[in-house]
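Single-letter residue listing:
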Amino acid sequence: MKTNFKSNQQNNVQKTVLRSAAVVVSFILISITVSGQDFWRKLLQTSHFDEIAMAMVATKKENKTPACHANNEAVFSFEKATDPVLKVEEWMFSDDFFEVAQDVNEVESETELKIQKWMLNENLFRINNDYESPLEIDEWMISDKTWEI
């Protein structure tokens, strides 16, 4: 029993240490993010890419939405959309490029369908005498317990 008690104590100590370490690490990360707001500017000023980096930092801060004008006037200019005029070319009329139906207006005639002797022969066709049994309602289908009505 003593070994079990010691292992439980060690587990509790380990849990406590891990929790406190997690709290300390989270405080450190929060302080880094809060104090790191101008970190990149300071770092980039001391590097040899100073000019490019400062331009990138400056443009990020300058991209804020400009203030509204005092009179709040909006200027819109509308241009009429125009498309170039399409020209019909000679190849568009040629039958070589397009298949043209020759007999568009010709009415097709079909022979009238007639019943032949083999169509009436019952020995050639299998007659299906099978039928489905009527549906039966089981008790569970209408039970209130099943459907919780």
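Residues numbered from 1 in each chain as written. Predicted model: local features only at pLDDT ≥ 70, side-chain atom pairs only at ≥ 80, totals over all residues. Heavy atoms only, no water.

*Asks:* Looking at this structure, how should I read the overall build of the chain?
*Replies:* In terms of helices and strands, the chain carries four helices and zero strands. Counting all 149 residues of the chain, 3% fall into the buried class. Of the accessible surface of the chain, which amounts to about 16,700 Å², a share of 58% is contributed by carbon and sulfur atoms. (Helix = DSSP H or I, 4+ residues; strand = E, 2+ residues; numbered from the N terminus. Buried < 20%, exposed > 50% of the residue type's maximum accessible area, 1.4 Å probe, protein only. Areas by Shrake-Rupley, 256 points an atom, 1.4 Å probe, with all protein chains shown as cover.)

*Asks:* Explain a nonpolar patch on the surface to me, please; I cannot follow it from the model alone.
*Replies:* On the surface, a nonpolar cluster with roughly 680 Å² of combined accessible area is contributed by Val88, Trp91, Met92, Phe93, Phe97 and Phe98. Following the sequence through the fold, Phe97 ends up in the loop between helix H3 (50-62) and helix H4 (144-147). (Patch = residues over 30% accessible without salt bridge, like charges linked within 9 Å, V, L, I, M, F, W, Y side chains within 5 Å. Salt bridge = Lys/Arg side-chain N within 4 Å of Asp/Glu carboxyl O.)

*Asks:* I tried to follow the side chain of Ser143 on my own but got confused; where do I start?
*Replies:* Secondary-structure assignment places Ser143 in the loop between H3 and H4. In this structure Ser143 comes out as buried when scored by relative accessible area, which is 19%. From its side chain, Ser143 meets the backbone nitrogen of Lys145 in a polar contact 3.2 Å long. (Polar contact = N/O pair within 3.5 Å; in protein donor to acceptor, adjacent residues only side chain to side chain.)

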